[in-house]
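If you want the building blocks of each chain, they are given just below.
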Amino acid sequence: DRLILLNKAKDRKMCWALIVDGDEIYEDESTKWIHEFTQLNSHHGHFTVKFLYVNLWKGRERYRTDAWNNSWFPRLFSMTDLILKGEALHNYAFQFQVGNSIGPGNIIQAPVKCLHYGWADWKHRVEKTERYILRDMEVFNVSREYAVQKYSMDTNENGLQLSKADPSWASEFREGREIDY
């Protein structure tokens, strides 16, 4: 669970945490940018870095660009004074406690993307959505109807807008490598 891992990193006094789910990769240029950013800002405050989240849709060739899918998600955090609050499998509140103030810290938008393969394989997407529904029902004691409604946007194509994915984003695209998630 993401929350357990972040708490372990916090307990070990790690400076930074980068979240990477099993169905995500970062753009090829990300490693260089993240390294430089963390080195330059390691002692300069509390940071939440958001990445443009590219949801590949039913393959690698297209990604969603409709309103919900054109989102920036927090994926890199300075660990100093980080407060972690878990709610559900993918919903966490990341805030910093600085003196008497609590807030998101300095919010930065990274110039590189996080590529999400979770919707690229449709059969896998439907199976994963069902696992999320069952987990939320068990862990959070919610009704099936509530959980289905919560995850309905994952498979809903109403208002769907797509753009062509750029093969230069990642070597996995250019080389046609399989992503095992």
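Residues numbered from 1 in each chain as written. Predicted model: local features only at pLDDT ≥ 70, side-chain atom pairs only at ≥ 80, totals over all residues. Heavy atoms only, no water.

Chemist: Help me understand the overall build of the protein, please; the structure alone is not making it clear to me.
Modeler: Each helix and strand counted, the protein has 5 helices and 10 strands in total. Counting over 181 residues, the protein shows a buried share of 43%. Put simply, 70% of the contacts in the protein that link residues at least 6 apart link residues at least 24 apart. Split by element, the accessible area of the protein, about 10400 Å² in all, is 51% carbon and sulfur. (Helix = DSSP H or I, 4+ residues; strand = E, 2+ residues; numbered from the N terminus. Buried < 20%, exposed > 50% of the residue type's maximum accessible area, 1.4 Å probe, protein only. Contact = heavy atoms within 4.5 Å. Areas by Shrake-Rupley, 256 points an atom, 1.4 Å probe, with all protein chains shown as cover.)

Chemist: Hey, could you run me through the layout of surface pockets in this one?
Modeler: It is a probe the size of a water molecule, rolled over the atoms, that shows where empty space is left. Roughly 160 Å³ of volume is contained in the second largest pocket. Of the residues contributing to the lining of the second largest pocket, the split by class is 4 nonpolar, 5 polar and 2 charged. (1 Å grid on protein atoms, 1.4 Å probe; cavity = no way out; pocket = protein on both sides within 12 Å on 5 of 7 lines; lining within 4 Å. Points joined across faces, edges and corners; volume = space filled by probe spheres on them. Nonpolar A, V, L, I, M, F, W, Y, C, P; charged D, E, K, R; others polar.)

Chemist: Would you take a moment to explain the sheet that holds strand S5 (residues 71-78) for this structure?
Modeler: Two orientations exist for strands paired in a sheet by backbone hydrogen bonds: parallel and antiparallel. Strands sit in the order S1-S5-S3-S9-S2 across an open sheet of 5 strands; the sheet is mixed. Looking at which strands have only one partner, the edges of the open sheet turn out to be strand S1 (16-18) and strand S2 (24-26). Averaged over all pairs of adjacent strands, the angle between their axes in this sheet comes to 40 degrees, without regard to strand direction. Pairing of S2 with strand S9 (residues 106-116), which is carried by 3 bridges, proceeds in the antiparallel orientation. Paired with glutamate 24 across the bridge in S9 is histidine 116. This element, helix H2 (residues 30-40), spans S1, S2, strand S3 (47-55), S5 and S9 of the sheet and lies at about 160 degrees to S9. (Pairing = 2+ DSSP bridges. Axes fitted to C-alpha atoms, helices over the stretch in contact; angles between N-to-C directions.)

Chemist: What is the right way to read the nonpolar core from this model?
Modeler: The tendency in soluble globular proteins is for nonpolar side chains to be buried as a group. Grouped together as the largest cluster of nonpolar side chains are 13 residues, with contacts concentrated most on Trp33, Phe37, Val49, Phe51, Leu76 and Ala110. For this core, the secondary-structure elements that each account for two or more residues are H2, S3 and S9. Ranked by residues supplied to this core, first place goes to S3 with 4 residues. Those residues in contact with leucine 76 that lie beyond four places of it in its chain are Trp16, Ala17, Leu18, Ile34, Phe37, Thr38, Phe47, Thr48, Val49 and Phe51. (Core = buried A, V, L, I, M, F, W, Y, C linked by side-chain atoms within 4.5 Å.)

Chemist: What is the right way to look at the side chain of glutamate 27 in this model?
Modeler: Here glutamate 27 shows up in the loop between S2 and H2. Apart from residues lying up to four places away in sequence, glutamate 27 is in contact with Pro111, Val112, Lys113 and Trp169.

Chemist: Sorry, what's going on with the confidence of the model for the protein here?
Modeler: In low-pLDDT regions, the fine details of the predicted coordinates are not to be read closely. Of the residues in the protein, 83% have a pLDDT of 70 or more, and the chain-wide mean is 81. Looking at the elements of the protein, mean pLDDT is at its lowest for strand S7 (residues 91-98), recorded as 56, and at its highest for H2, recorded as 93. (pLDDT = per-residue confidence, 0-100.)

Chemist: Please explain the side chain of asparagine 41 as it appears in this structure.
Modeler: With respect to the helices, strands and loops of the structure, asparagine 41 is situated in the loop between H2 and S3. Here asparagine 41 falls in the buried class, since its relative accessible area comes to 14%. One polar contact links the side chain of asparagine 41 to the main-chain carbonyl oxygen of phenylalanine 37, over a distance of 2.9 Å. Not counting chain neighbours up to four residues away, the residues in contact with asparagine 41 comprise Trp16 and Phe47. (Polar contact = N/O pair within 3.5 Å; in protein donor to acceptor, adjacent residues only side chain to side chain.)

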